[in-house]
Amino acid sequence: MSDAPTLDALTALSADEIARRLSGPPDEVAAFVRAAAVAGVAEAQARFGQMLLDGTGVKQDQRAALGWFARAAKAGHVEAINMIGRCYDLGWGTAVDKARAAEWYRAAADRGLDWGMYNLGTLLALGEGVARDHEAALALFRRAGAMGNAKALNFIGSFYEDGWAVEADIATAAGYYARAAEGGDFRGRFNHARMLADAGRNDEALAWLARVPETATPRFIAQVRAYLAASDIAAFRKIAPDWPNPAHS
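What counts, and at which threshold
- Residues numbered from 1 in each chain as written.
- Predicted model: local features only at pLDDT ≥ 70, side-chain atom pairs only at ≥ 80, totals over all residues.
- Heavy atoms only, no water.
- 1 Å grid on protein atoms, 1.4 Å probe; cavity = no way out; pocket = protein on both sides within 12 Å on 5 of 7 lines; lining within 4 Å.
- Points joined across faces, edges and corners; volume = space filled by probe spheres on them.
- Helix = DSSP H or I, 4+ residues; strand = E, 2+ residues; numbered from the N terminus.
- Nonpolar A, V, L, I, M, F, W, Y, C, P; charged D, E, K, R; others polar.
- Contact = heavy atoms within 4.5 Å.
- Axes fitted to C-alpha atoms, helices over the stretch in contact; angles between N-to-C directions.
- Parallel < 35°, antiparallel > 145°, perpendicular 65-115°, else oblique.
- Left-handed = near helix turned anticlockwise from the far one by under 90°.
- Core = buried A, V, L, I, M, F, W, Y, C linked by side-chain atoms within 4.5 Å.
- Buried < 20%, exposed > 50% of the residue type's maximum accessible area, 1.4 Å probe, protein only.
- Phe/Tyr/Trp six-rings, centres within 6.5 Å; stacked < 30°, edge-to-face > 60°.
- Arc of directions from axis to C-beta.
- Expected span 1.5 Å × (residues − 1).

Caption draft 1: Representation of the layout of surface pockets in the model. Each pocket or cavity is described by its volume, and for the largest pocket that value is around 1,100 Å³. Along the walls of the largest pocket sit 36 residues, with Arg86, Tyr118, Asn119, Lys151 and Arg187 positioned nearest its centre. At the level of elements, helix H4 (42-54), helix H6 (78-90), helix H7 (98-110), helix H8 (114-126), helix H10 (150-162), helix H12 (186-198) and helix H14 (218-229) are the ones that each hand at least two residues to the lining of the largest pocket. In terms of residue count, the dominant contributor to the lining of the largest pocket is H6 (seven residues). When the residues that make up the lining of the largest pocket are grouped by side-chain class, the tally is 17 nonpolar, eight polar and eleven charged.

If you want it as structure tokens, here you go:
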């Protein structure tokens with residue numbers, strides 16, 4: 001294959017050959033994906049944008065990533081539409097603009113993407129870039145949660161715990177947190193552990209706390225460590241100094 005393959009040449013590749021090219025060293029994968037992106041494959045454009053955003057196989061370039069997301073979005077790629085929202089939301093390759101982020105998230109949500117629903121719901125819940133609207137946010141979280149989005153399920157739990165747009169109901173909150181935890185959301189795992197501890201089920205709570213770091217951000221890990229240190233539960237205070245590696249304490 002030439003350095004600049006045509007779209008026809010790319011689409012003629014077998015599934016096995018594509019899989020082989022996508023399983024090589026990161027720089028070779030990036031080169032292949034870039035070639036497909038240049039040829040006009042929207043999926044490749046979105047994927048190459050993510051590679052640039054993360055610095056996977058290529059030098060990190062958030063501004064260029066946004067440009068590739070825009071090209072994929074123009075072709076109707078819904079995940080790329082959502083990622084443009086993320087760029088405006090978090091200032092990746094552009095200035096932070098929560099209002100524009102909300103517009104892109106809404107476009108993705110309207111096309112049925114659960115992450116667009118979750119991200120727009122988050123802005124509505126917090127009143128960032130849009131007027132705060134807990135009822136609209138909850139409706140979006142419910143739609144995303146019905147599609148299995150664990151982060152949306154966790155947010156629904158917080159609505160029931162805090163009484164936003166619904167009557168406060170700790171039992172219902174605990175149920176949503178459990179589903180979010182099982183779905184892999186690190187905040188859901190922490191909240192599920194917190195509910196279990198409140199119910200006196202400390203061993204189960206510790207087991208779920210041990211799974212929080214699998215996907216948690218460093219900032220969230222620090223917040224959990226502070227929570228453990230201030231806990232009324234002796235077992236939590238004991239593991240706090242070296243959490244998330246209490247076995248090494």
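Caption draft 2: Spotlight on the environment of Ala240. With respect to the secondary-structure elements, Ala240 resides in the segment after helix H15 (234-239). Apart from the residues within four sequence positions on either side, Ala240 is in contact with Arg225, Leu228 and Ala229.

Caption draft 3: The arrangement of the packing of H6 against H8 in detail. One way to put it is that H6 packs onto H8 with a least axis distance of 10 Å and a crossing angle of 30°. The orientation of H6 with respect to H8, classified from their angle, is roughly parallel. When you trace H6 past H8, the crossing you get is left-handed. Seen from H6, the contacting residues are Asn82, Arg86 and Asp89; seen from H8, they are Trp115, Gly116, Asn119 and Leu123. Classifying every residue of the contact of H6 with H8 by side-chain character gives two nonpolar, three polar and two charged.

Caption draft 4: The arrangement of the packing of H10 against helix H11 (residues 170-182) in detail. Two numbers describe how H10 lies on H11: the axes approach to 8 Å, and their chain directions differ by 165°. Between H10 and H11, the crossing angle belongs to the class labelled roughly antiparallel. As H10 runs across H11, the sense of the crossing is left-handed. Residue-level contacts link Ala150, Leu153, Asn154, Ile156, Gly157, Ser158, Tyr160 and Glu161 of H10 to Ile170, Thr172, Ala173, Tyr176, Tyr177, Arg179 and Ala180 of H11. Tallied by class, residues from the contact of H10 with H11 come to nine nonpolar, four polar and two charged.

Caption draft 5: Looking closely at the nonpolar core. The biggest cluster of nonpolar side chains holds 57 residues, and the ones touching the most others in it are Phe48, Phe69, Phe141 and Phe159. Contacts of Phe159, omitting those with residues within four sequence positions, involve Ala125, His134, Ala137, Leu138, Phe141, Trp164, Ala165 and Val166. In terms of nonpolar packing, the next biggest core, distinct from the first, is built from 20 residues, Ala193, Val212, Phe220 and Leu228 among them.

Caption draft 6: Spotlight on the packing of aromatic side chains. If you walk through the whole model with that rule in mind, you get 13 aromatic pairs. Centre to centre, the rings of Phe159 and Trp164 are 5.4 Å apart; their planes meet at 85°, and the pair counts as edge-to-face. Relative to Tyr227, the ring of Phe190 has its centre 4.9 Å away and its plane inclined at 85°; by these criteria the two rings are edge-to-face. With Phe190 in helix H12 and Tyr227 in helix H14, this pair connects stretches of sequence that are 37 residues apart. We classify Phe190 as buried; its relative accessible area is 12%. For Tyr227, a relative accessible area of 26% puts it in the partly exposed group.

Caption draft 7: Inspection of helix H13 (residues 202-209) at higher detail. Looking only at H13, the buried set comprises Ala205, Trp208 and Leu209. For H13, the angular spread of the buried residues around the axis is 100°, confining them to a single face. Tucked inside the fold, the buried residues of H13 contact H11, H12, H14 and H15.

Caption draft 8: Geometry of unusual backbone geometry. Note that the residue after Trp243, namely Pro244, is joined by a cis bond; omega there is 20°. Not every positive phi belongs to a glycine, and Ala165 is a case in point at roughly 65°.

Caption draft 9: Quick peek at H8. Taking 1.5 Å per residue, 13 residues should reach 18 Å; H8 reaches 18 Å between its end C-alpha atoms and fits that length. The element H8 is largely enclosed, with a buried count of eleven among its 13 residues. All of the buried residues in H8 are Asp114, Gly116, Met117, Tyr118, Asn119, Leu120, Gly121, Thr122, Leu123, Leu124 and Ala125. Where H8 is buried, its residues touch H6, H7, helix H9 (134-146) and H10. Positive phi shows up at Gly127, right after H8, with a value of about 70°.

The quantities given are spatial measurements derived from coordinates; they are silent on function.
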